[in-house]
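# Coordinate inspection notes
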Amino acid sequence: MSIAENLARVKERIVGAALRAGRRPETVKLVGVTKTVDLPRIELAVEAGLEILGENYVQEAQEKLRRFQGRVRWHFIGRLQRNKAKYAVQLFDLIHTVDSLKLAEEIHRRAQALGRVIPVLIQVDLAAQETKGGVRPDEALALVTEAARLGNLRVLGLMTMPPYFSDPERVRPYFRRLRELSEEIAAGGHTEVEMTELSMGMSGDLEVAVEEGATLVRVGTAIFGERP
Ligand SMILES: *Cc1c(COP(=O)(O)O)cnc(C)c1O
């Protein structure tokens with residue numbers, strides 16, 4: 001199948017899952033994950049209507065960003081080292097992976113220097129798999145609240161990377177837990193905290209994520225094919 005066909009198929013899957021869950025399909029945004037994907041293949045996806053691209057590496061993103069300047073929005077979805085925060089703040093429209101106050105403060109400081117307010121999500125590690133990054137669920141409220149106080153950073157919601165299961169139903173409890181956590185935080189009465197975005201779901205489990213409330217699904221393989 002071509003990239004355009006893959007993209008159409010992914011969009012159909014999102015629409016189907018949203019309708020099954022009684023949600024409006026347009027409340028779910030598709031982030032096309034472009035790590036290791038070369039420019040011509042990204043070009044095909046953008047021509048076919050992909051509007052948001054997700055990158056894991058600041059360095060890899062730089063050339064791609066120049067090429068697609070103004071045509072798409074860019075999200076950062078990888079682990080962000082503090083010494084790269086400066087570039088991330090310049091390059092991206094949304095950072096999905098803030099998981100410490102130190103990182104939030106560095107992003108705030110760099111955004112302030114540029115006169116920008118940068119939207120971010122707080123990454124939550126629901127399964128204590130430390131290698132993937134993320135704050136523990138019982139620390140999420142504190143981090144959301146403290147990050148939301150930093151003036152040049154806007155916390156819009158939560159993100160998670162659950163453990164991999166071949167059966168997507170086994171991921172459902174993690175997605176549900178992230179939504180519940182987001183509802184708990186939103187109900188906490190912190191006026192400066194918005195909890196409107198939930199970034200969860202990838203190629204293999206995006207239906208389950210949408211059924212559980214995802215507003216951003218991050219899809220690589222199902223659009224661009226297997227990575228090397
Ligand atoms: C690679 C990656 C994805 C996409 O995974 P696929 O299974 O290829 O859809 C999503 N989110 C993050 C953070 C990733 O690193």
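The coordinates are above.
Quick summary incoming for the structure in this document. (Residues numbered from 1 in each chain as written. Predicted model: local features only at pLDDT ≥ 70, side-chain atom pairs only at ≥ 80, totals over all residues. Heavy atoms only, no water.)

### Remarks on the overall build of the protein chain
Using the following cut-off: Secondary structure elements are defined from DSSP: runs of H or I of at least 4 residues count as helices, runs of E of at least 2 residues count as strands, and each element is numbered from the N terminus. The reference for a compact globule is 2.2 Å times residues^0.38; the radius of gyration itself is calculated from the C-alpha atoms. Exposed residues in this analysis have more than 50% of their type's maximum accessible area, buried residues have under 20%, and partly exposed residues fall in between, with area computed by a 1.4 Å probe over protein chains only. It only takes one pair of heavy atoms within 4.5 Å for two residues to be counted as in contact. Note on areas: Shrake-Rupley, 1.4 Å probe, and residue coverage restricted to the protein chains presented here.
Tallying secondary structure elements over the protein chain gives 9 helices and 8 strands in all. Taken against the 2.2 N^0.38 rule, which gives 17 Å for 228 residues, the C-alpha radius of gyration of the protein chain at 17 Å falls within 12% of a compact globule. Counting only C-alpha atoms and orienting by the principal axes, one finds that the protein chain spans roughly 45 × 40 × 30 Å. Scored against the burial criterion, the 228 residues of the protein chain give a buried share of 50%. Across the protein chain, contacts joining residues at least 24 apart in sequence account for 59% of those joining residues at least 6 apart. A total accessible area of about 10,800 Å² is found for the protein chain, and carbon and sulfur atoms account for 49% of it.

### Some points on the side chain of S203
Here is the rule we go by: For the purposes of these results, a polar contact is taken to be a pair of N or O atoms within 3.5 Å, where, inside protein, one atom must be able to donate a hydrogen and its partner to accept one; residues adjacent in sequence count only when each atom of the pair is a side-chain atom.
Along the polypeptide, S203 turns up in the loop between β7 (197–199) and α8 (206–211). A distance of 2.9 Å separates a polar side-chain atom of S203 from the backbone nitrogen of A222. Contact partners of S203, with chain neighbours within four places excluded, come to R13, R218, V219, G220, T221 and A222.

### Structural notes on the pairing of strand β4 (residues 94–98)
Working note: regular strand, side chains alternate between the two faces of the sheet. The test is simple: Criterion used throughout: strands pair if DSSP finds at least two bridges between them. Here, the term right-handed applies to a crossover whose path from the first strand over the helix to the second runs clockwise when the strands point away from the viewer.
In terms of residue burial, β4 counts as a mostly covered element, since 5 of its 5 residues are buried. Relative to β4, strand β3 (residues 73–76) runs parallel, the two being bridged by 2 bridges. Bridge pairing links H75 to L94 in β4. Handedness of the β3-helix α4 (residues 85–91)-β4 crossover: right-handed. The sheet contact formed by β4 and strand β5 (residues 118–124) spans 2 bridges and is parallel. Each bridged residue has a counterpart across the sheet, and for I95 the counterpart in β5 is V120. The handedness of the β4 to β5 crossover, carried by helix α5 (residues 101–114), is right-handed.

### Here we look at the site of the ligand
Definition in use: Summary of the distance rule: residues count as near a molecule or strand when at least one heavy atom falls within 4 Å of that molecule or strand. Think of it as three bins: nonpolar holds Ala, Val, Leu, Ile, Met, Phe, Trp, Tyr, Cys and Pro, charged holds Asp, Glu, Lys and Arg, and polar takes everything else, Gly as well.
Within the structure, the ligand sits among V33, K35, N56, I77, M161, M202, S203, R218, V219, G220, T221 and R227. Within the side chain of K35, a nitrogen or oxygen atom sits 2.6 Å from an oxygen atom of the ligand. One nitrogen or oxygen atom from the side chain of R218 is found 2.9 Å from a nitrogen atom belonging to the ligand. Here the ligand loses 89% of its free accessible area of 390 Å² to cover by the protein chains. Each residue belonging to the shell around the ligand can be placed in one class, and the counts come to 5 nonpolar, 4 polar and 3 charged.

### What to know about the packing of helix α2 (residues 39–47) against helix α3 (residues 58–68)
Counted only if it meets this: With axes taken as lines fitted to C-alpha atoms, and helix axes fitted only over the stretch in contact, angles between N-to-C directions fall between 0 and 180 degrees. Any angle that is under 35 degrees is reported as roughly parallel, and any over 145 degrees as roughly antiparallel; angles of 65 to 115 degrees are reported as roughly perpendicular and all others as oblique. Crossings are sorted by hand: turned counterclockwise from the far helix by less than a right angle, the near helix makes the crossing left-handed, and turned clockwise it makes it right-handed.
Following both chains from N to C, one finds α2 and α3 inclined at 45 degrees, their axes separated by 11 Å at the closest point. Judged on the interaxial angle alone, α3 and α2 are oblique. For the pair α2 and α3, the sense of crossing is right-handed. Two secondary-structure elements touch here, α2 through L39, I42, E43 and V46 and α3 through E63, K64, R67 and F68.

### What to know about the pairing of β5
Within β5, 7 of the 7 residues are buried, which leaves it mostly tucked inside the rest of the structure. Alternating positions in β5 separate into two faces, I118, V120, I122 and V124 on one and P119, L121 and Q123 on the other, with burial throughout. Judged from the 7 bridges that link them, β5 and strand β6 (residues 153–160) form a sheet pairing that is parallel. Pairing of I118 across the sheet is with L153, part of β6. Tracing the backbone out of β5, into helix α6 (residues 137–148) and back to the parallel element β6 gives a crossover that is right-handed.

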